[in-house]
Amino acid sequence: MLVAVLQRAVSAAFGAEHRGVDPMVRRSERADYQADLAMGLAKVLRRPPRQVAEAVIAAADLGDLCDSVEIAGPGFINFKLRGAVLEHGLAALVADQRLGVPRPAQPDRVVIDYSAPNVAKEMHVGHIRSTIIGDALARMLEFVGHEVIRQNHIGDWGTPFGMLIEHLLDIGGGKAGAHSDLGELNEFYRAARVKFDADAAFADRARHRVVLLQAGDARTLELWRELVEISKRHFFGIYDRLGVTLRAGDIRGESAYNSVLPETAAELERMGLAKISDGALCVFAPGFVNREGEPLPLIVRKQDGGFGYAATDLAALRYRTQTLRGTRLLYVVGAPQAQHFAMVFAVGELAGWLKAPVRAEHVAFGAVLGADKKMLKTRAGDSVRLASLLDEAVERAEAELLRREPDGDVAARRRLAPQIGIGAVKYADLANDRIKDYVFDWDRMLAAEGRTGPYLQYAHARIHSIFRKAAEGGIAIGTGAPIRLVEPAERALALELLGFGGAVAEAAETLRPHRLCGHLYDLATAFTAFFEACPVLRAPDDATRDSRLALCGLTARVLARGLGLLGIDAPERM
RNA sequence: GCGCCCGUAGCUCAAGGGAUAGAGCAUCGGCCUUCUAAGCCGGGGGUUGCAGGUUCGAAUCCUGCCGGGCGCGCCA
């Protein structure tokens, strides 16, 4: 990476006493890169910052890196790199499968928990951010070079299953294929709920069924499995449409920890961490208080002897650290759960399951809001089904395609619409800083213009359009021709391409996909500016044409890879 | 009451403690006989909620307010 080269060069200017100082090299609006260290250093050295900057430049081993190095303002050092340096960097990028993404100094074994839908309920907007953000992070971390273990902590256990199983029996479940229509999941849940509230006898049966389920009754488990299987088919239907990388083997739901909850609780008791309070087994982690200012417990075992989700999360934490031996645990779960996870992690540390350098992080995200700035709901007030949301995304994309090309190929449109529609939804979600709430707006995310998923895809498609035209004209692409940077637009594009590796590394490390979104948008913008300013196939001479074709090829690769890391398709034509 | 998160252009959002706070939408004005106009070029639009503090330098860090959201003992 070029930034690293500059950093080393500037760092080399320091005496041993300042070896650890960050040279603060970054992209600049006024030059190619700038170093901002002189002002801070001036303070320590008790010398004027511009003088310090001069000394740094004089001592820095810049070799033939720069055309010019200037001091500006209070002491900024501005670097303008030699074209040959950029060209050399691009040549290295072309040859690099990793496209300039640096390898981590210490690869982690990342255990990432995301999506986590509930059995016997349809996936709704409440699951979209965890699923999309989690998948993007998993892809990025994997590409960077970490080992990634996905965990889909589905809600497949708990008291609701009593009523669900009884209702399943009532409507003739328990026979193969008797109830496999996935579209009715919500109705199924609602009907069971209504009966449970209205029919005392049914409620009794449901409660008894919970006991049977907990006890491992074979017939009950069989019915439970049926519900789980139906739900899984639904989940994977959604994942398939979303292009989410979760597989069946990644599912390790709440039920998977059921059998180890007693021993987890016993272990906490043995360590003297858990004690009985109000009849419940609790761990009081320091620093957590309730409404009255009294210590707030993490309830491991309830008064009635049952285990709640805190117990499950503790068991999962133990499993992920002790069995999976993860070194970085990620929980892609909504921000409202912040206190819960803070407590679970605190208890995990007390129990010794979480020990530095192993760390757990709650990858929190904000809510999806409607145009009214309130939680997104249907007009009827229900949560929006993910399936219908995706339907609408595809329909809208297809309508837009039809509007653009009324005589276009129907099959092509059908193939393209999901790529564009779903890509737009994903980009709109990922492009926002995840901790903030974000307003879901169809018209904006699928707009014909602007900072959207389609804009990035369009830039990529236009490159392939050039390639198709080249092929028609018998012009070879991918010849390995050298890239020569002449026009300002070519230079600007090169700088963006060279910044890809750093952007990916930073987005993955800080778990903020929107940083990558921002970079890809800048890259796409630089490309379209280049596209307008620099004819490729009609370049003034063959060498320029081949250079620009190579630049296009590299840009297409980076865009496709970047979109791929976000889980967004990069169609070759639009 | 306590805690966490958020507050930036009319709207939706960016901005590792760094220069004149940037984009998109909307608005105004240009650009299609030339590789896709889902595009490009340009204009107008800001007391970064308020007040202090730290710093050579604050949208960013600290304190206190104001406004909004969420959470706070046996649902997950």
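Residues numbered from 1 in each chain as written. Chains lettered and ligands numbered in written order. Predicted model: local features only at pLDDT ≥ 70, side-chain atom pairs only at ≥ 80, totals over all residues.

Here the focus is the overall build of chain A. Counting its regular elements, chain A contains 20 helices and 13 strands. Principal axes of the C-alpha set define a box for chain A whose edges measure 85 × 70 × 40 Å. Long-range pairs, those at least 24 residues apart, make up 73% of the contacts in chain A with a sequence separation of at least 6. (Helix = DSSP H or I, 4+ residues; strand = E, 2+ residues; numbered from the N terminus. Contact = placed C-beta atoms within 7 Å.)

A separate point is the sheet that holds strand β3 (residues 66-72). Read from one edge of the open sheet, 4 strands run β1-β2-β4-β3, paired in antiparallel fashion. Each of the sheet's edge strands pairs with one partner strand only, and the pair in question is β1 (25-27) and β3. Strand-to-strand twist of the sheet, defined as the mean angle between neighbouring strand axes without regard to direction, takes the value 25°. In this structure, strand β2 (residues 33-35) lies alongside strand β4 (residues 76-81), joined through 3 bridges in antiparallel fashion. When the bridges of β4 are listed, alanine 35 appears paired with isoleucine 77. (Pairing = 2+ DSSP bridges. Axes fitted to C-alpha atoms, helices over the stretch in contact; angles between N-to-C directions.)

Attention now goes to the protein's contact with RNA strand B. In the region of RNA strand B, 76 residues are neighbours, and Asp278, Lys302, Asp433, Glu449 and Gly450 sit closest. Each residue belonging to the surface near RNA strand B can be placed in one class, and the counts come to 33 nonpolar, 21 polar and 22 charged. (Near = placed C-beta within 6 Å. Nonpolar A, V, L, I, M, F, W, Y, C, P; charged D, E, K, R; others polar.)

This brings us to the pairing of strand β9 (residues 295-301). Note: strand β8 (residues 280-289) against β9, 5 bridges, orientation antiparallel. For cysteine 282, the partnering residue across the bridge sits in β9 and is isoleucine 299. In this antiparallel pair of consecutive strands, β8 and β9, the connection spans 5 residues, and glycine 293 shows a positive phi of 80°.

Here we come to the nonpolar core. Of all hydrophobic cores here, the largest spans 164 residues; its most connected members are Leu137, Met140, Val300, Leu330, Leu497, Val504 and Leu559. The biggest single contributor to this core is helix α20 (residues 542-566), with 12 residues. For leucine 137, the residues in contact, after removing those within four places along its chain, are Ile112, Leu330, Val332, Val363, Leu511 and Pro513. (Core = buried A, V, L, I, M, F, W, Y, C linked by C-beta atoms within 7 Å. Buried ≥ 20, exposed ≤ 12 C-beta atoms within 10 Å, placed from the backbone.)

Right, let's get into unusual backbone geometry. Geometrically, the link from alanine 356 to proline 357 is a cis peptide bond, its omega value of 5° lying close to zero. Within the secondary structure, proline 357 sits in the loop between α12 (338-350) and β11 (359-362). Residues other than glycine seldom take positive phi values, yet aspartate 278 does so here, at roughly 55°. Mapping aspartate 278 onto the fold places it in the loop between β7 (274-277) and β8. On the basis of neighbour count, aspartate 278 is assigned to the exposed category, with 8 C-beta atoms found within 10 Å.

Of all the positions in helix α3 (residues 49-59), only Pro49, Val52, Ala53 and Val56 are classed as buried. The buried residues of α3 occupy an angular sector of 100° when projected down its axis, which confines them to one face. Check the buried side of α3 and you find it contacts α1 (2-11), α2 (37-45), β3 and β4. (Arc of directions from axis to C-beta.)

Counting through the fold element by element, alanine 550 comes out in helix α20. Sequence spacing of alanine 550 and isoleucine 483 is 67 residues, and the spatial spacing of their C-alpha atoms is 6.4 Å. Ignoring any residue separated from it by four or fewer positions in sequence, one finds alanine 550 in contact with Val94, Ala481 and Ile483.

So, on to the sheet that holds strand β10 (residues 328-331). Ordered by their spatial adjacency, 4 strands build an open sheet running β6-β5-β10-β11, and the pairing between neighbours is parallel. At either end of the open sheet lies a strand with only one pairing partner, and these are β6 (147-151) and β11. Taking each pair of neighbouring strands and ignoring which way they run, the sheet shows an average axis angle of 20°. Sheet topology note: the strand β5 (residues 109-113)/β10 ladder contains 4 bridges and is parallel. Bridged to valine 111 within β10 is leucine 329.

This paragraph deals with the environment of leucine 90. Within the fold, leucine 90 resides in helix α4 (residues 83-94). Judged by the 24 C-beta atoms lying within 10 Å of it, leucine 90 is buried. Considering only alpha carbons, one finds leucine 90 and proline 74, 16 residues apart in sequence, at a separation of 33 Å. With near-sequence residues (within four places) excluded, leucine 90 lies in contact with Ile483, Ala494, Leu497 and Leu554.

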